[in-house]
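The primary structure of each chain is shown beneath.
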Amino acid sequence: MTRLVRVAFDLSTVRLGDAGVARTARELAAALSERDDLDVLRIGEGRQATGPARRALALRLDLDWSLRGARSEARRAQCDVIHFPLPRGPITRGRPATVVTVHDLAALRFPETLSRWNRSYTRRMLPRVLAAADAVLAVSHDTADDLAAWLPAVAARIQDRKSTRL
């Protein structure tokens, strides 16, 4: 019997809202769970926060969960890989291996569309998160091209949706 690849899938983003990346993350986790070659462990889920509690949760997720907590939980569960469906994650290499999805570079290309925190965090942390990632998934060729131009050092680890079989 072939051993299943154990994937920790970070669903902490669903605690901040239902639309956009949260919905995509939920649907991708469900689709991956249907595969017979994967054992998907959903991590980071919890009660959805609103109002001031939402802002506090977002900070906690960015400053603790993504950087350390998610990987620690995945390691304890003996996962082979952890997938972050947002461009958040550890800033050091380690185990389990990390996969980070980048949807766009709006924080860099259209900073006025995002909160000050999101712009600042992305500018400072995204290069470090992507440098530490074992694989980077871009949702389009344009995003892949933008990433490769902005961070040539990670270009070899970028895969876009047409070059990746999910």
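Counting starts from 1 at the beginning of each chain's written sequence and moves along it residue by residue. Confidence filtering applies because this is a predicted model: local features only for residues at pLDDT of at least 70, side-chain atom pairs given and counted only at 80 or more, and all residues used for totals across whole chains, interfaces and linings. No hydrogens and no water enter the side-chain calculation; it runs on all heavy atoms of the structure.

Enquirer: Would you explain the layout of surface pockets in this entry?
Expert: Where empty space is left in the structure can be found by rolling a water-sized probe over the atoms. A volume near 900 Å³ is recorded for the largest pocket. What lines the largest pocket is a set of 34 residues, and nearest its centre among them are Leu16, Asp62, Leu86, Arg88 and Asn118. Elements supplying a minimum of two residues to the lining of the largest pocket: helix H1 (21-33), helix H2 (51-76), helix H3 (106-109) and helix H4 (116-132). Ranked by residues supplied to the lining of the largest pocket, first place goes to H2 with eight residues. Residue type decides the class: Asp, Glu, Lys and Arg count as charged, Ala, Val, Leu, Ile, Met, Phe, Trp, Tyr, Cys and Pro as nonpolar, and the leftover types, Gly among them, as polar. Looking at the lining of the largest pocket residue by residue, the class counts come to 18 nonpolar, nine polar and seven charged. Here a cavity is any set of points on a 1 Å grid over the protein atoms alone where a 1.4 Å probe fits but cannot get out, and a pocket is any open set with protein on both sides within 12 Å along at least 5 of 7 lines; a residue lines the site when it has an atom within 4 Å of a point. Grid points are joined across faces, edges and corners, and a volume is the space filled by probe spheres set on the points. The numbering of helices and of strands both runs from the N terminus, where a helix is a DSSP run of H or I of at least 4 residues and a strand a run of E of at least 2.

Enquirer: Just checking my understanding: could you explain the nonpolar core for this structure?
Expert: Core analysis: the biggest nonpolar cluster contains 26 residues, and Ile82, Leu130, Val136, Leu147 and Ile158 have the highest contact counts within it. For this core, the secondary structure elements donating two or more residues are H2, strand S3 (81-84), strand S4 (97-102), H4, strand S5 (135-138) and helix H5 (141-150). Sorting elements by how many residues they give to this core places H2 first, with five residues. When near neighbours in sequence (up to four residues on either side) are disregarded, isoleucine 158 contacts Val136, Ala138, Ala144, Leu147 and Ala148. Within this scheme, the nonpolar core is defined by two criteria: the residues are buried Ala, Val, Leu, Ile, Met, Phe, Trp, Tyr or Cys, and they are joined through side-chain atoms within 4.5 Å. Whether a residue is buried, partly exposed or exposed follows from its accessible area with a 1.4 Å probe, protein chains only, as a fraction of its type maximum: under 20%, in between, or over 50%, in that order. It only takes one pair of heavy atoms within 4.5 Å for two residues to be counted as in contact.

Enquirer: Where do I start with the sheet that holds strand S2 (residues 38-43) in this structure?
Expert: Across a sheet, paired strands are connected by hydrogen bonds in the backbone, their directions being either parallel or antiparallel. Only strands joined by at least two bridges in the DSSP assignment are considered to pair. Here six strands make up an open sheet; going across it, the order is S2-S1-S3-S4-S5-S6 and the pairing parallel. At either end of the open sheet lies a strand with only one pairing partner, and these are S2 and strand S6 (158-160). With direction set aside, neighbouring strand axes in the sheet form an average angle of 25°. Relative to S6, S5 runs parallel, the two being bridged by three bridges. Bridging across to S6, alanine 138 finds its partner in aspartate 160. Under this scheme, a helix contributes an axis fitted over its contacting stretch, all axes are lines through C-alpha atoms, and angles between N-to-C directions fall in the 0 to 180 degree range.

Enquirer: What exactly am I supposed to notice about the packing of H2 against H4 here?
Expert: To characterise two packed helices, one gives the angle between the axes of the helices and the distance between these axes. Interaxial distance between H2 and H4 falls to 11 Å at its minimum, and their mutual angle equals 25°. Considering the angle they form, H2 stands roughly parallel to H4. Note on packing geometry: the crossing formed by H2 with H4 is right-handed. Taking contact as the criterion, the partners of Leu59, Asp62, Leu63 and Leu67 in H2 are, on H4, Trp117, Tyr121 and Met125. A class-by-class count of the residues in the contact of H2 with H4 yields six nonpolar, no polar and one charged. For this classification, under 35 degrees means roughly parallel, over 145 means roughly antiparallel, 65 to 115 means roughly perpendicular, and everything else is oblique. By convention, the crossing between two helices is left-handed when the near helix turns anticlockwise from the far helix through less than a right angle, and right-handed when the turn is clockwise.

Enquirer: Would you take a moment to explain H2 for this structure?
Expert: Given 3.6 residues per turn, any residue in an α-helix points the same way as the ones three and four places further on. Between the first and last C-alpha of H2 there are merely 32 Å, a value that for 26 residues lags more than 12% behind the 38 Å anticipated at 1.5 Å per step. Where H2 is buried, its residues touch strand S1 (5-10), S2, S3, S4 and H4. At the C-terminal side of H2, glutamine 78 shows a positive phi close to 60°. Under the convention used throughout, the expected extent of a helix is 1.5 Å for every residue step, that is, one less than its residue count.

Enquirer: What exactly am I supposed to notice about the pattern of salt bridges here?
Expert: Working definition: two side chains of opposite charge can pair if their charged atoms are close together. By convention in these notes, a salt bridge is any Lys or Arg side-chain nitrogen within 4 Å of a carboxyl oxygen on Asp or Glu. Taken as a whole and assessed by the stated rule, the structure comprises nine salt bridges. Among the ionic pairs, arginine 93 bridges to aspartate 134, the shortest N-O distance being 3.3 Å. Of the two residues, arginine 93 sits in the loop between S3 and S4 while aspartate 134 sits in the loop between H4 and S5, which places them 41 residues apart along the sequence. The partly exposed category is assigned to arginine 93, whose relative accessible area is 48%. A relative accessible area of 26% places aspartate 134 in the partly exposed class.

Enquirer: Looking at this model, I keep getting lost on the pairing of S4. Mind explaining?
Expert: For a regular strand, side-chain orientation follows a simple rule: the groups alternate between the two sheet faces. By the criterion of burial, S4 is predominantly enclosed, with six of the six residues buried. Pairing between S3 and S4: four bridges, direction parallel. Across the sheet, valine 81 pairs through a bridge with alanine 97, a residue of S4. Bridge count for S4 against S5 is four bridges, and the pairing is parallel. If you follow threonine 101 over to S5, its bridge partner there is leucine 137.

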